[in-house]
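If you want the building blocks of each chain, they are given just below.
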Amino acid sequence: MPTIRSSADLRNSYNEISTFCHDYSEPVFITKNGKGDLAVMSIEAYEQLVGRFELYGLIHEGLEDVAAGRTRPFSEAMTDIRSRRKR
């Protein structure tokens, strides 16, 4: 269940909201005039979320490469890597 607070709560209870975001690693949704306006989260939770999006993007690229046939055998790739290390 999402945590929803008003913009007045954010202004008047910043420390409480900040502590919640850090303790539970989940966002607090802030309303303005009764409508959703912001999602507030800790920097750590934000960086983790962005990291997941980056990972999903890389996985998607890899799956596209497999679908397009842009792959090669593992042994060939390892031979190439080893030859680069010797240079």
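This write-up is about the structure you can find in this document. (Residues numbered from 1 in each chain as written. Predicted model: local features only at pLDDT ≥ 70, side-chain atom pairs only at ≥ 80, totals over all residues. Heavy atoms only, no water.)

Taken together, Leu-49, Phe-53, Leu-55, Tyr-56, Ile-59 and Leu-63 make up a surface patch of nonpolar side chains, about 600 Å² in accessible area. Relative to the helices and strands, Phe-53 resides in helix 3 (residues 43–68). On the basis of relative accessibility, which here comes to 53%, the residue Phe-53 falls in the exposed class. (Patch = residues over 30% accessible without salt bridge, like charges linked within 9 Å, V, L, I, M, F, W, Y side chains within 5 Å. Areas by Shrake-Rupley, 256 points an atom, 1.4 Å probe, with all protein chains shown as cover. Salt bridge = Lys/Arg side-chain N within 4 Å of Asp/Glu carboxyl O. Helix = DSSP H or I, 4+ residues; strand = E, 2+ residues; numbered from the N terminus. Buried < 20%, exposed > 50% of the residue type's maximum accessible area, 1.4 Å probe, protein only.)

On to the packing of aromatic side chains. What describes a pair of aromatic rings is the distance from one ring centre to the other and the angle between the planes of the rings. Under the defined criterion, the tally for this structure stands at 1 aromatic pair. Each ring, one from Phe-20 and one from Tyr-24, has its centre 4.8 Å from the other, and the planes form 35 degrees; the classification is tilted. Taken as a pair, Phe-20 and Tyr-24 lie in helix 2 (residues 14–24) at a separation of 4 residues, close to a single helical turn. For Phe-20, a relative accessible area of 22% translates into the label partly exposed. (Phe/Tyr/Trp six-rings, centres within 6.5 Å; stacked < 30°, edge-to-face > 60°.)

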